[in-house]
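# Structure at a glance
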Amino acid sequence: MRKKIVAGNWKMNTLPAEGVELAKNVVAGRGEVCSCVNFIVCPPFTHLSQVIDAVKGSDIAVGAQNCAAEAKGAYTGEVAASMIAALGCEYVILGHSERRQYYGETSETLNKKMAQAYANGLKPIYCVGENLDEREAGKHFDVVKAQIEEVVFNLTAEQFSQLVIAYEPVWAIGTGKTATAEQAQEIHAYIRKVLAGKFGAAAAECPILYGGSCKPSNAAEIFAKEDVDGGLIGGAALKAEDFLAIGKGFAK
Ligand code: PGA
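Everything in this summary refers to the structure shown in the same document.

Conventions and cut-offs
- Residues numbered from 1 in each chain as written.
- Predicted model: local features only at pLDDT ≥ 70, side-chain atom pairs only at ≥ 80, totals over all residues.
- Heavy atoms only, no water.
- Helix = DSSP H or I, 4+ residues; strand = E, 2+ residues; numbered from the N terminus.
- Contact = heavy atoms within 4.5 Å.
- Phe/Tyr/Trp six-rings, centres within 6.5 Å; stacked < 30°, edge-to-face > 60°.
- Buried < 20%, exposed > 50% of the residue type's maximum accessible area, 1.4 Å probe, protein only.
- Near = heavy atom within 4 Å.
- Polar contact = N/O pair within 3.5 Å; in protein donor to acceptor, adjacent residues only side chain to side chain.
- Areas by Shrake-Rupley, 256 points an atom, 1.4 Å probe, with all protein chains shown as cover.
- 1 Å grid on protein atoms, 1.4 Å probe; cavity = no way out; pocket = protein on both sides within 12 Å on 5 of 7 lines; lining within 4 Å.
- Sits in = over half its atoms within 2 Å of the grid points.
- Nonpolar A, V, L, I, M, F, W, Y, C, P; charged D, E, K, R; others polar.
- Arc of directions from axis to C-beta.
- Pairing = 2+ DSSP bridges.
- Axes fitted to C-alpha atoms, helices over the stretch in contact; angles between N-to-C directions.

### Quick look at the side chain of Asp229
Inspection of the secondary structure puts Asp229 in the loop between helix 10 (216–223) and strand 8 (230–233). Asp229 has contacts with Arg2, Lys3, Lys4, Ile5, Arg192, Cys206, Pro207, Ile208, Leu209 and Phe250, leaving out every residue within four places of it along the chain.

### Description of the packing of aromatic side chains
According to the stated counting rule, one finds seven aromatic pairs in the structure shown. Taking the centre distance of 3.9 Å and the plane angle of 5° together, the rings of Phe160 and Phe199 count as stacked. Residue Phe160 is found in helix 8 (residues 157–160), and its partner Phe199 is found in helix 9 (residues 181–199); the two are separated by 39 residues along the sequence. The class for Phe160 is buried, based on a relative accessible area of 2%. For Phe199, a relative accessible area of 13% translates into the label buried. Measuring from ring centre to ring centre gives 6.5 Å for Tyr167 and Tyr210, while their planes differ by 50°; the resulting arrangement is tilted. Here Tyr167 is found in strand 6 (residues 164–167), whereas its partner Tyr210 is found in strand 7 (residues 208–211), with 43 residues between them in sequence. Across the pair, Tyr210 and Tyr167 agree in class, each one buried.

### A short note on the site of the ligand
Neighbouring the ligand are 13 residues; Lys11, His96, Glu168, Gly174 and Ser213 lie closest to it. A distance of 2.9 Å separates an oxygen atom of the ligand from a polar backbone atom of Gly234. A distance of 2.8 Å separates an oxygen atom of the ligand from a polar atom in the backbone of Gly235. Relative to its unbound accessible area of 290 Å², the ligand is 95% covered by the protein chains. Because more than half of its atoms lie within 2 Å of the grid, the ligand is assigned to the second largest pocket. Here the residues of the shell around the ligand are counted per class, giving four nonpolar, seven polar and two charged.

### Digging into the side chain of Gln185
With respect to the element layout, Gln185 can be found in helix 9. At 2.8 Å, the side chain of Gln185 and the backbone nitrogen of Asp227 are in polar contact. Here Gln185 is in contact with Lys225, Glu226, Asp227 and Val228, once residues within four sequence places are set aside.

### A look at helix 11 (residues 240–247)
All of the buried residues in helix 11 are Ala240, Phe243, Leu244, Ile246 and Gly247. Looking straight down helix 11, one finds its buried side chains confined to an arc of 155°; they lie on one side. Check the buried side of helix 11 and you find it contacts strand 1 (4–9), helix 1 (16–29), strand 2 (37–42), helix 10 and strand 8.

### Remarks on the sheet that holds strand 6
Read around the closed barrel, the eight strands follow the order 1-2-3-4-5-6-7-8; overall the barrel is parallel. The average angle at which neighbouring strand axes cross in this sheet is 25°, direction not considered. Taken together, the six bridges between strand 1 and strand 2 define a ladder with parallel strand orientation. Across the sheet, residue Asn9 finds its bridge partner in strand 2, namely Cys42.

Printed below as a string of structure tokens:
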């Protein structure tokens, strides 16, 4: 049985006190949602530690939104995977489209970041997805395939067993425009097929999350699709009530 995951990507939002309050509210309301849902919150680096404390004793996991490509050293402003892991983080988001787009992250960088994540026991949430031009040109399958082949195909079977994939069409992120449940299913099934070509039966166990304007009103329909195993949530993860309501997209 594949894991069901609802992960919150807080991006560059919340001050520490706000983040702690948000995390505590998620913990407080968690019981209303099926215990089958694995919740993950991904705050900014600055309050990872406080959020980890705030969720202690609950089943809410914590992830970082990025990590450095290098292990340590003279890389001003970077945060190493070992530092994140030392705080008690379990996950790290890698290859988010905002990182690819605004910070020039390429498959080459992402291979290094993945290696750092695994070397430090962090489970990557690896993001893939096409932009609007690529979708309109019918290239979305090829784009996503390349993002997977160039990075995920370099993993060992053992590493792959710890991986979460998030499919996030760039045109749906923060735009209020969501992929239809059918569009999500179509490409999730395709991603699983690509993964199966390399990792065989293990592909059936890899959680593939949908991301891009996922909200309480559309989560249930999208999550009902066979190859959609949950969501990576941006804007709607900033309100505990909405984040939890998205989790309720999986029937209790
Ligand atoms: P959104 O962001 O839910 O605000 O569209 C999703 C994401 O970028 O992970």
